[in-house]
Amino acid sequence: MNGAVATTYLESTTGRQTVTVGEQTGPIASKGVIGMACLIMAESAIFAIFVVAYLYYSGKDLSGPTPRQVLEWPILNSICLLSSSATITLALRSLRRGATKRFSVWWFVTIALGAYFLLGTGREWQHLIHDKGLTIQTNLFGTTFYSLVGLHASHVVVGLLALSIVMAFAITGLVKKEHAERVHVLGLYWHFVDVVWIVVFTVVYVIGR
Amino acid sequence: MSPAIRTGDVGGTLPLVSKAETEKSFFDSIHSWLVTVDHKKLGLMYIMYGLFFLLIAGIEATLMRIQLAFPNNHFLSPQFFNQLFTVHGTTMVFFVGMPLVFGFANYLVPLMIGARDLAFPRLNAFGFWLSALGGVLLYFSFIGGEGMAGAGSAPDIGWFAYAPLTGKAFSKGHSTDYWILGLMVSGFGSIATAANVFTTILCMRCRGMTLSKMPLLAWLNLVMSGMVLLAVSPLTAAQIMLLLDRFAGSHFFDTQAGGSATLWMHFFWIFGHPEVYILIIPAFAFASEIIPVFSRKAIFGYPAMVGATVAIGFVSVSVWAHHMFTIGMTSASNTFFAISTMMVGIPTGIKIFNWLGTMWGGKLRFDTPMLFCIAFLFQFLIAGLTGIMLGAAPFNWQLNDSYFVVAHFHFTLVGGFLTMIFAAVYYWFPKATGRRFSETLGKWHFWLFVLGFHMTFDTMHIPGILGMPRRIYTYEAGRGWGVLNLIVTLGVLFQAIGILIFVFNLLRSARKGPPAGNDPWDAWTLEWATSSPPPEFNFAEIPTVKSRRPLWDIKHPTDPDWKYE
């Protein structure tokens, strides 16, 4: 591979592609955004199946406890997770402007809010398992509740791990303005996790209860 | 054969292999394949992986057919027979079909849209190795998945693994777990590669290639990868549930605790039916590229082809319960799924007429790839017709789970999908290897395979209508199925010889075939503009296209396509 070719090759694999639409040339969404959109499509289908199972089995338990007896609305938890969508947007806005310090602060707040959510879910599960005796084996409610909420929580864990990696880079000063596009793609995943929580909340704590 | 086309215009004139590369040792070359992120190498590995498992699944099918050739036969034990049909079906769909689909998508899509690689090359390698691991996991169950004493070890649950048979109580040992994990892991690989292909087609087209100027193969692979994203994930979800049932004691498909076996059926077929279209749409894609070249005409009705493909994609996600008419659904459901199933016939019919319209008045050349395309048109038409018969709920009540169904889906997957895989392998073989295959052996393969295929699968409809259920390991004499089953089994012999000729032809021609040149078929899409085999970077200079047939424009500067499109 000679030098000139290598350069064009590298250019074509990084950053935005320009794509001809009709006679005009303009950028469409970057590869990262489209790739993340694909992942979100696939993930949505997985969540959809778990939601269908939850709704299908809702109220069909052969034994207790029922959702109404044991579930409480995780209001504070939900507020934390949903507001983390706002803080990550603020973090990205700072990064695009080149304010890396401010970016780190908002990014840290996002991680803290996500971690608090996870902690809240853990406390809820501990309460349900220890005090109410509801496990995944107890009845259909236990089966569907722990798997749907657990599936979401596992996505929060993955998200937090990814956010923490970016945090580590930010602390060492490696996240700069030019990385805004990549960080934005990760942000899309975090927004997705938050939106799924709205669905899970509605299904589990509103419709299912 | 090959008109002198100036590759410098679009493709590269750089040397294919530098001198240092030709002197590499054997282990260096193995190493370069193991660590590669090049879409062409990964594509070829996918294809070789699929063809390897095709041979294994073919041997499994042959064993089953020997067992069924005569009534009261004792060639195989009932347990082993159950394992064979499970592993045969699973292998053909997940470790033959999917790797071949993604192999061709990998190899061809970047070349045809004028890109240097897929959007995410490393993700691509990751996807391939995950898929490869899935196949290893499934077959490892033969030695690793200890079962009940004497019951052997491979999964014996059927390829759609209905509950409650898959529950811990009825599937002891770990063979079922290997089945679940193997499919799940390869499913992750499929989702990764589908996302990759989807992004590549949307973001990496060369200058001038608008969506309406893309080769049909790229369009159809775009639809296929979108369907993989939406269809394979539900299977993954259902398998997570099944794993939870088996390991954590949950009750998703446990009927004794109020769980539902029917829900598994729904979840499985929400994946299972779109999956059939995921396999057949790439077959359509090959037909849409090969038939025009060998008819010496541009494809007939390009926008209708694109529209029909997108329509098939949409309709195919709302037909799944036609696999479940016999479980007793409401008449509203029966009606809905019967009608939606028959609606698939409309866009598919449009496609068949468009291919015929392409051939109509063309200057047909009957080389091996074209022969397979013509067989595909006939065979897929029959497959579609029996599909519409089975889509009628009352007819289905009579014939579901009979050999009629087995004959029907083998017509779609062998007569449709596999036939077009042969066409595609022959068509792009000169591009991938730089050498020509033996046309004589190709024709022997074609005629033997088609003869054997029709002996086996035409005949197989009849015992089905006579009431022979699928998945029985033997049957009594005097039912009137004996002679028919013998003919079905004899057909396998011809198919097997055909496939052995195919393998021999590929292996020999890859080393000793005459040089093919860059454009042996006088074709029109971008992959023929670069050298054979293409250099690692595909195109020295990214091409600019003005029409759907960029090479036609170069070869006929006075009469280019873009004046008329």
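The coordinates are above.
Residues numbered from 1 in each chain as written. Chains lettered and ligands numbered in written order. Predicted model: local features only at pLDDT ≥ 70, side-chain atom pairs only at ≥ 80, totals over all residues.

> What am I meant to see in the overall build of chain A here?
Helices and strands together make up the secondary structure of chain A, namely seven helices and two strands. Moving toward the C terminus, one meets the helices and strands of chain A in the order α-β-β-α-α-α-α-α-α. Residue burial in chain A is summarised as follows: out of 209 residues, 33% are buried. Counting only contacts in chain A whose residues sit at least 6 apart along the sequence, the fraction spanning at least 24 positions is 81%. (Helix = DSSP H or I, 4+ residues; strand = E, 2+ residues; numbered from the N terminus. Buried ≥ 20, exposed ≤ 12 C-beta atoms within 10 Å, placed from the backbone. Contact = placed C-beta atoms within 7 Å.)

> Quick question: what am I supposed to make of unusual backbone geometry here?
Trans is the prevailing form of peptide bonds, just as negative phi is the prevailing case for residues other than glycine. Each neighbour pair has its own omega, and for Gly64 of chain A with Pro65 of chain A the value is -5 degrees, a cis peptide bond. In this structure, Pro65 of chain A sits in the loop between helix H2 (31–57) and helix H3 (67–70). In this chain, Ser532 of chain B is followed by Pro533 of chain B through a cis amide linkage whose omega measures -10 degrees. With respect to the helices and strands, Pro533 of chain B occurs in the loop between helix H17 (482–512) and helix H18 (550–555). One non-glycine residue, Asp522 of chain B, lies in positive phi territory at about 55 degrees. Positionally, Asp522 of chain B belongs in the loop between H17 and H18.

> Just checking my understanding: could you explain the environment of Asp61 of chain A for this structure?
Looking at where Asp61 of chain A falls in the secondary structure, it is placed in the loop between H2 and H3. Residues Asp61 of chain A and Ile88 of chain A, 27 residues apart in the sequence, show an inter-C-alpha distance of 40 Å. When near neighbours in sequence (up to four residues on either side) are disregarded, Asp61 of chain A contacts Thr66, Asn139, Leu140 and Phe141 of chain A together with Gly258 of chain B.

> Just checking my understanding: could you explain the environment of Ile47 of chain B for this structure?
Residue and element names in this part refer to chain B. Here Ile47 lies in helix H4 (residues 39–68). Judged by C-beta crowding, with 23 C-beta atoms within 10 Å, Ile47 ranks as buried. The contact partners of Ile47, leaving out residues within four places of it in the chain, are Leu100, Gly103 and Phe104.

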